[in-house]
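Chain residues, written in single-letter form:
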Amino acid sequence: WIGPDPEHIRKMGDKVEAKRTATALGLPLVPGSDGPVNSPEEAIAVANEIGYPVLIKAASGGGGRGMKVIPDAASLPGLMQQAKAESKAAVGDDTVYSEKDLTEPRHIEFQILADGYGNVVHLGERDCSIQRNHQKMIEEAPSYILSEEKRREMGEIAVRAARAAGYVNAGTI
């Protein structure tokens, strides 16, 4: 078997728990809620702190299901309900959280290998920024956008995160 063990799948498959883990490890994160947002009022309070636009995102699943861009407070309740319904229909869980919507972000992933003795290496990055509806369309490796300094910094963060989480096997950060 090549891939994460069940404990890490549970821990990192829930995006709210993954954010909590990353926060505890001191990793840089996009500003957003500290946990799930259970009501439009909670989501609006977070949005007022971090500024619009924000994303409402499903805690489970992927591929852009249950993800909505919220441009302002007036549209938040309806779009939040849509995100929750999409997530519930797709994966049976309507838990959502919120974070700042970044304009023109880069989606960079690092491939890592970790053994059972604390040794972790990264195998370089791939740029998954070409997307449609938050679904990756093309993955390029290496990323042309990263300087050598930024590549080194991000690779070190990926290795540190895997080691701190006790991760063993092949994976993506």
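In short, a report on the structure. (Residues numbered from 1 in each chain as written. Predicted model: local features only at pLDDT ≥ 70, side-chain atom pairs only at ≥ 80, totals over all residues. Heavy atoms only, no water.)

### Quick look at the overall build of the protein chain
A count of helical and extended segments in the protein chain gives 5 helices and 7 strands. N-terminal to C-terminal, the α/β element order of the protein chain is α-α-α-β-β-α-β-β-β-β-α-β. Taken against the 2.2 N^0.38 rule, which gives 16 Å for 173 residues, the C-alpha radius of gyration of the protein chain at 17 Å falls within 12% of a compact globule. Here the C-alpha coordinates of the protein chain stretch approximately 50 × 35 × 30 Å along the principal axes. Looking at the 173 residues of the protein chain, the share that counts as buried comes to 34%. Counting contacts in the protein chain only where the partners sit at least 6 residues apart, residues at least 24 apart contribute 55% of the total. If the 20 positive side-chain charges of the protein chain are averaged to one point and the 25 negative ones to another, these points end up 2 Å apart. (Helix = DSSP H or I, 4+ residues; strand = E, 2+ residues; numbered from the N terminus. Rg over C-alpha atoms; globule rule 2.2 N^0.38 Å. Buried < 20%, exposed > 50% of the residue type's maximum accessible area, 1.4 Å probe, protein only. Contact = heavy atoms within 4.5 Å. Lys, Arg positive; Asp, Glu negative; His and termini not counted. Charge placed at Lys NZ, Arg CZ, Asp CG, Glu CD.)

### Brief notes about the sheet that holds strand β1 (residues 54-58)
What the 3 strands build is an open sheet, ordered β2-β1-β3; its pairing is antiparallel. Taken across any chain shown, the strands that pair with only one partner, and hence form the sheet edges, are β2 (68-70) and β3 (96-100). Strand-to-strand twist of the sheet, defined as the mean angle between neighbouring strand axes without regard to direction, takes the value 30 degrees. Together, β1 and β3 form the strand contacts of helix α2 (residues 15-24), whose direction differs from that of β3 by roughly 50 degrees. Of the strands in this sheet, β1, β2 and β3 are in contact with helix α4 (residues 76-91), which crosses β2 at around 170 degrees. (Pairing = 2+ DSSP bridges. Axes fitted to C-alpha atoms, helices over the stretch in contact; angles between N-to-C directions.)

### Observations regarding the sheet that holds strand β4 (residues 108-114)
Read from one edge to the other, the open sheet built from 4 strands follows the order β6-β5-β4-β7, with strand pairing classed as antiparallel. The two strands at the open ends of the sheet, each matched to only one other strand, are β6 (135-140) and β7 (169-172). On average, adjacent strands in this sheet sit at an angle of 30 degrees to one another, irrespective of strand direction. Sheet topology note: the β4/strand β5 (residues 120-132) ladder contains 6 bridges and is antiparallel. Bridged to Leu113 within β5 is Val121.

### Let's talk about the packing of helix α3 (residues 40-50) against α4
For the pair α3 and α4, interaxial distance at closest approach is 10 Å and the crossing angle is 115 degrees. Classed by the angle they form, the pair α3 and α4 counts as roughly perpendicular. Along this stretch, α3 crosses α4, giving a crossing that reads as right-handed. Facing Pro40, Ala43 and Ile44 of α3, the residues of α4 in contact are Leu76, Pro77 and Met80. The residue makeup of the contact of α3 with α4, split by class, is 6 nonpolar, no polar and no charged. (Parallel < 35°, antiparallel > 145°, perpendicular 65-115°, else oblique. Left-handed = near helix turned anticlockwise from the far one by under 90°. Nonpolar A, V, L, I, M, F, W, Y, C, P; charged D, E, K, R; others polar.)

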